[in-house]
Amino acid sequence: MIGKNKSQLTHWNTLLNTDCKVYRIGETYVYPIFKNASSSLGQVYDQVLLNQEIAQCEDIHVLIRDPADRFVAGVNSYTKLQNMEIEEAMQLIKEGKLMDRHFSPQWIWLLHLRAFYNGKVTLRAFENITDYCKVQRNKSDSKTTVEVPSAFISTDLELVKYFEQSVSLDKIIKECKSVLSKA
């Protein structure tokens, strides 16, 4: 599914072909990912760096959410925004006809960051959001549960081993691509 079909990877790159943003919050740089408190982070930043400006960072923190929880939250957000039935969206997702930033794998977001930055990142568990902001905006506890396709979370599950380490973004991307090639 994802990864086996190079055109789908190209589609994800096209999907994320938007401005890349990194927020400076205090002395820390944080890369916001949709459905990982990006709206909340966007309310508290001191400075925003765009695209080529990001290269000046020495280490960027990235919150990584449980991939299954994020997928469910993302599909729910997407269908609400599009006024679409969840069942319809899930069918299109399974057929590879629907992809969106709200539920795209988090490693795809790291690939997007890599287009503008090749330094170190510190991956952190989503639960550390309170280190950056106190209030979560757009938090919704009422979500329709959906079956999570393994192709959307398998690579993201590998990211956990990098939590709380300052690691080369290139190393993480290579690891993700290696996991995909074995899928």
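Sequence order sets the numbering: in each chain, residues are counted from 1 along the sequence as written. For a predicted model such as this one, the threshold for reporting local features is a pLDDT of at least 70, and the threshold for listing and counting side-chain atom pairs is 80 or more; totals across whole chains, interfaces and linings nevertheless cover every residue. No hydrogens and no water enter the side-chain calculation; it runs on all heavy atoms of the structure.

Colleague: Run through the environment of Val62, naming residues and quoting values.
Modeller: Think of it this way: any DSSP run of H or I at least four residues long counts as a helix, any run of E at least two long counts as a strand, and we number them from the N terminus. You can see Val62 is positioned in strand β4 (residues 59–64). When the C-alpha atoms of Val62 and Tyr29 are compared, they prove to be 8.8 Å apart, with 33 residues separating the residues in sequence.

Colleague: Can you lay out the environment of Pro32 for me, pointing to particular residues and giving the numbers?
Modeller: Along the chain, the position of Pro32 falls in the loop between β2 (28–31) and α2 (38–44). A C-alpha to C-alpha distance of 9.2 Å links Pro32 and Cys20, two positions 12 residues apart in sequence. Any pair of residues with heavy atoms lying within 4.5 Å of one another is described as a contacting pair. Ignoring any residue separated from it by four or fewer positions in sequence, one finds Pro32 in contact with Lys21, Val22, Tyr23, Ser38, Leu41 and Trp109.

Colleague: Outline unusual backbone geometry, listing residues and values.
Modeller: One non-glycine residue, Ala37, lies in positive phi territory at about 65°. Relative to the helices and strands, Ala37 resides in the loop between β2 and α2. Accessibility expressed as a relative area gives 9% for Ala37, which makes it buried. Between buried and exposed lies partly exposed: a residue is buried under 20% and exposed over 50% of the maximum accessible area for its type, with that area taken using a 1.4 Å probe on protein chains only.

Colleague: Explain the packing of helix α5 (residues 106–114) against helix α7 (residues 169–182) to me, and be specific about the residues and the numbers.
Modeller: Throughout, an axis means a line fitted to C-alpha atoms (over the contacting stretch in the case of helices), and angles, computed between N-to-C directions, take values from 0 to 180 degrees. For the pair α5 and α7, interaxial distance at closest approach is 10 Å and the crossing angle is 135°. What the angle tells us is that α5 and α7 run oblique. Note on packing geometry: the crossing formed by α5 with α7 is left-handed. Only Leu169, Asp170, Ile172, Ile173, Cys176, Lys177 and Leu180 of α7 make contact with α5, whose side of the interface consists of Trp107, Leu110, Leu111, Leu113 and Arg114. Put simply, Ala, Val, Leu, Ile, Met, Phe, Trp, Tyr, Cys and Pro go in the nonpolar bin, Asp, Glu, Lys and Arg in the charged bin, and everything else, Gly too, in the polar bin. For the contact of α5 with α7, the class distribution of residues is nine nonpolar, no polar and three charged. Angles below 35 degrees are treated as roughly parallel, those above 145 as roughly antiparallel, those between 65 and 115 as roughly perpendicular, and all remaining angles as oblique. Crossings are classed by handedness, with left-handed meaning an anticlockwise turn of the near helix from the far one by less than a right angle and right-handed meaning a clockwise turn.

Colleague: Go over the packing of helix α3 (residues 67–82) against helix α6 (residues 150–157) with me, naming the residues and quoting the values.
Modeller: Close contact between α3 and α6 brings their axes to 9 Å; oriented N to C, the two are set at 140°. Taken together, α3 and α6 sit at an angle that is classed as oblique. Considering the relative orientation of α3 and α6, their crossing is right-handed. Taking contact as the criterion, the partners of Pro67, Ala68 and Phe71 in α3 are, on α6, Phe152, Ile153, Asp156 and Leu157. Looking at the contact of α3 with α6 residue by residue, the classes come out as six nonpolar, no polar and one charged.

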